Structures are given as structure tokens and as C-alpha cells.
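Spelled out, the chains give:
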Amino acid sequence: MNDKAETTRRLLQLARDRGAARQMERDCGAGLEAPGGFPRRVTRAWLAETEPPAPGWSLSWRPVVAALALVVLSLGLNWHALHVRFTPRDLVTHSMRQSFYQP
Amino acid sequence: MSLPGDPADAQVPGWIAGVRAGDPKAAEALVMHLYPAVIQVVRRRLPDRLDEEDAAQEVFLRLFRKLDQFRGGPDSLVRWTRRLAFTTCLNLIRHERRRPEVRWSDLGEAETAVLARVVTPDWESAASAERESARELVGRLLAGLPAADRWLIEMLEIEERSVDEVRELTGWSGVGVRVRAHRARRKLQQAMRRLMNHQEEP
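Together, Leu70, Leu73 and Leu77 of chain A give the surface a local cluster of nonpolar side chains, amounting to about 330 Å² of exposed area. Tracing the backbone shows leucine 73 of chain A in helix α4 (residues 61-85).

On to the packing of helix α3 (residues 52-66) of chain B against helix α4 (residues 74-92) of chain B, then. Residues and elements named next belong to chain B. Remark: α3 packs on α4, axes separated minimally by 9 Å, with the N-to-C direction vectors making an angle of 125 degrees. Considering their axes alone, α3 and α4 lie oblique with respect to each other. Crossing hand, α3 versus α4: right-handed. Contacts between α3 and α4 involve Ala55, Glu58, Val59, Arg62, Leu63 and Lys66 from the first element and Trp80, Thr81, Leu84, Ala85, Thr87, Thr88, Asn91 and Leu92 from the second. By residue class, the composition of the contact of α3 with α4 is seven nonpolar, four polar and three charged.

Averaged over every residue, the pLDDT of chain A is 78; residues scoring 70 or more account for 74%. Within chain A, helix α3 (residues 38-50) of chain A carries the highest mean pLDDT (91), whereas helix α5 (residues 88-101) of chain A carries the lowest (69).

Residues and elements named next belong to chain B. Scanning all chains against the criterion turns up 23 salt bridges over all chains. A salt bridge links glutamate 52 to arginine 43; the shortest N-O distance between them is 2.8 Å. When salt bridges with common partners are traced through the structure, they connect Arg44, Arg45, Glu154, Glu159, Arg161 and Glu165 into a single cluster.

The gaps of empty space that remain are located by a probe, the size of a water molecule, rolled over the atoms. Here the largest pocket is characterised by a volume of approximately 790 Å³. Taken together, 28 residues make up the lining of the largest pocket; nearest its centre are Arg44, Gly139, Leu142, Arg150 and Glu154 of chain B. Looking at the lining of the largest pocket, the elements that each hand over two or more residues are α2 (18-29) of chain A together with α2 (24-45), α6 (128-142) and α7 (147-158) of chain B. Examining the composition of the lining of the largest pocket, we find that six residues originate from one element, α6 of chain B, more than from any other. Its residues assigned to classes, the lining of the largest pocket shows 11 nonpolar, one polar and 16 charged.

All names here are of chain B. One can describe the packing of α2 onto α3 by two numbers: an axis separation of 9 Å at closest approach and a directional angle of 125 degrees. With respect to their mutual orientation, α2 and α3 come out oblique. As α2 runs across α3, the sense of the crossing is right-handed. Note on element contacts: α3 touches α2 through Glu52, Ala55, Ala56, Val59, Phe60, Leu63 and Phe64, opposite Ala27, Leu30, Val31, Leu34, Tyr35, Val38, Ile39, Val42 and Arg43. Residues that form the contact of α2 with α3 fall into these classes: 14 nonpolar, no polar and two charged.

So, about helix α1 (residues 4-15) of chain A. For α1 of chain A, spanning 12 residues, the distance from its first C-alpha to its last is 16 Å, which sits close to the expected 16 Å at 1.5 Å a residue. Residues of α1 of chain A that are buried include every one of Lys4, Thr7, Thr8, Arg10, Leu11, Leu12, Leu14 and Ala15 of chain A, and no others.

This part covers α2 of chain B. Given 3.6 residues to a turn, an α-helix orients residues that are three or four positions apart in the same direction. All names here are of chain B. The end-to-end C-alpha separation of α2 is 29 Å, in line with the 32 Å expected for 22 residues at 1.5 Å each. The largest bend in α2 amounts to roughly 50 degrees and is located at leucine 34, with the proline proline 36 lying one to four residues further along. Taking burial as the measure, the 22 residues of α2 include 18 buried ones, the bulk of the element. Near the N-terminus of α2, the side chain that reaches the backbone nitrogen of lysine 25, with its oxygen 3.1 Å away, is that of aspartate 23.

Turning our eyes to something else, we now look at unusual backbone geometry. Residue glutamate 160 of chain B is not a glycine yet carries a positive backbone phi of 55 degrees. Relative to the elements of secondary structure, glutamate 160 of chain B occurs in the loop between α7 and α8 (163-170).

Another aspect to go through is the packing of aromatic side chains. Considering all chains together, one arrives at six aromatic pairs over all chains under this definition. Centre to centre, the rings of phenylalanine 86 of chain B and tryptophan 172 of chain B are 5.9 Å apart; their planes meet at 80 degrees, and the pair counts as edge-to-face. Highlighted residues: phenylalanine 86 of chain B in helix α4 and tryptophan 172 of chain B in the loop between α8 and α9 (174-200), separated in sequence by 86 residues. Relative accessible area serves as the criterion here: at 16%, tryptophan 172 of chain B is assigned to the buried category. Aromatic ring contacts, followed pair by pair, group Phe38 of chain A together with Tyr35 and Phe60 of chain B into a single cluster.

On to the environment of proline 146 of chain B. Looking at the element boundaries, proline 146 of chain B is found in the loop between α6 and α7. Spatially, the C-alpha atom of proline 146 of chain B lies 9.7 Å from that of lysine 187 of chain B, the residues being 41 residues apart in sequence.

Predicted confidence across chain B gives a mean pLDDT of 87, with 94% of residues reaching 70 or more. We note a pTM of 0.72 for the whole complex and an ipTM of 0.77 for its interfaces.

Parameters at a glance
- Residues numbered from 1 in each chain as written.
- Chains lettered and ligands numbered in written order.
- Predicted model: local features only at pLDDT ≥ 70, side-chain atom pairs only at ≥ 80, totals over all residues.
- Heavy atoms only, no water.
- Patch = residues over 30% accessible without salt bridge, like charges linked within 9 Å, V, L, I, M, F, W, Y side chains within 5 Å.
- Areas by Shrake-Rupley, 256 points an atom, 1.4 Å probe, with all protein chains shown as cover.
- Salt bridge = Lys/Arg side-chain N within 4 Å of Asp/Glu carboxyl O.
- Helix = DSSP H or I, 4+ residues; strand = E, 2+ residues; numbered from the N terminus.
- Axes fitted to C-alpha atoms, helices over the stretch in contact; angles between N-to-C directions.
- Parallel < 35°, antiparallel > 145°, perpendicular 65-115°, else oblique.
- Left-handed = near helix turned anticlockwise from the far one by under 90°.
- Contact = heavy atoms within 4.5 Å.
- Nonpolar A, V, L, I, M, F, W, Y, C, P; charged D, E, K, R; others polar.
- pLDDT = per-residue confidence, 0-100.
- 1 Å grid on protein atoms, 1.4 Å probe; cavity = no way out; pocket = protein on both sides within 12 Å on 5 of 7 lines; lining within 4 Å.
- Points joined across faces, edges and corners; volume = space filled by probe spheres on them.
- Expected span 1.5 Å × (residues − 1).
- Buried < 20%, exposed > 50% of the residue type's maximum accessible area, 1.4 Å probe, protein only.
- Bend = angle between axes of the 7 residues up to and from the residue.
- Polar contact = N/O pair within 3.5 Å; in protein donor to acceptor, adjacent residues only side chain to side chain.
- Phe/Tyr/Trp six-rings, centres within 6.5 Å; stacked < 30°, edge-to-face > 60°.

Set out below in C-alpha cells:
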């Protein structure tokens, strides 16, 4: 027989297990009680989810961006002071002035 | 689980109202009342490696979030909860890594014997051991299918549930169940075709 659909159908029919499936389902749920602490754990998780955020420390994106901008600006100014303000030419001028004033 | 005439049913509307008002005692009572219905679905559908209590907690959290949408009595609450448990389980394993397809060389003696049996004219007279092997083989073939397809085949073909029963548990329409089941059977047939082609190769 080459018909794979028929093979599959027959295999499924052999695998059929109505009673065991029903029994397993009954065993899964019958007479079961929620384990101790479970209802409270679920309720706590639910209440924590529904509670409004506590006032005070609410870190929104604006202050974070502002702080980051300040850090970048300060680093930039430092870099400028170190690398741009004192160019080699400035340094030469400075040493010339120093030598001029020296006796 | 709630049975018709269950004395707890009379308290259910009060618990629902309490949960809607944010009362923790009502929430705990509702969890205890619905736990068997939830755990039944979770244990039946989720693989062993997933923690059933975590899954059950996820079901209840979804239930509390959606309770405002519920419009029904105590009986329909259990049905609604089971449906919610089913869809939660489906979401939890939607992205699971499926097992690779079954190859002929992976089959044991009993499984090859049952495949030899199904192509004979007296295939229906298979012994119980052969039927057990058929179940194992079908289980291995189903493991390569997405969870929704796997569960549909299990419910409709193995457990012989009616389309109405499946519709009630899944929340899909009758047509949706039939269409999905048709596609799932096609996928199973393809898996079977690949398996049998290996056998027929020289």
C-alpha cells in the first residue's frame, strides 16, 4: 500500500485511546486542592501587578537623558581644554614669553 | 472542580465581585475554587519540564486581568477558565523547540512491526501491545508538529473528542477547528511520508 494518508489514518486508529485519555484527565483534576500557599502567592502577584507605582522615585527618561547629556558635555569640554585650547602654537608662544621674561 | 449543584457555585458571583473590587480574600477563594479545572488542563497539555505551578499562576493572573470581560454564571466560569488555561499553555509552548522528524533508523522493533501491520488487510486485529506501539509512534510523529496541531490530533483522533468539545476548550469556531485539524492531519501525513520514504530507499 503506497497511500501514506491511509497508513496515517490506520495508525491513528490503532493509537486511539479514548478511555485512558478520559481517565488521565479525571486523575489530573479530581479531588485536587490548591497546594498550601499557592492561592496567597497568586493573589500577591496579582495585587503587585495592579498596585499603582509608588510615588517618589520614578525614573522617567527625561532626567536620564539630561544627565547623560551633561556627562557628554563635560567630557567634551575637558577634551577641548586638553587638546584644543593648548595647541602646540600656544605652547611655543608660552615658552617664548617665559624666556622673554627671564633675565 | 465545580459540578452542577456545587454549593460553592452560590458564592462565585460574590467572589467575582470581590476580585473586581481588588479584595485579596475573594481572589484566594476563587483560586481555590478553580484550581482543579486549571491544573487539569495544565497537566494534560504542558510538557513535564515546565513547572505546573508557574503555569497555573500565569493562568490565574490572566484570569484576574480578564475577569471584567466575563459575562456568565458559575458554570460558564469553569468553562471559560479551562479555555483560558488552554490558550495560556499554548502561548507558553508556542516557541518551544520541536523534536526533529522521526527517521526510519530511529524506530524500534515494535514500531517497525506496527508499521508493517498497518499495511496488511487484517490491521484492525492488532493486539494491545501493537496498539501501545502505535501510540508511541504517533507520539513521536506528533512531537515534530507545532503544539496546536499536536493537541488537535490528540483530542480529535486519539481521545475521540467531538468538534464541539474541542471548540469549547479551545475557544476556536467549529469551522476553525475543522480547518486546523485538516492542516494538522496533512502535516502528520507529510511526516509519515518522509518516514516511509526512508524505508523505501534502497
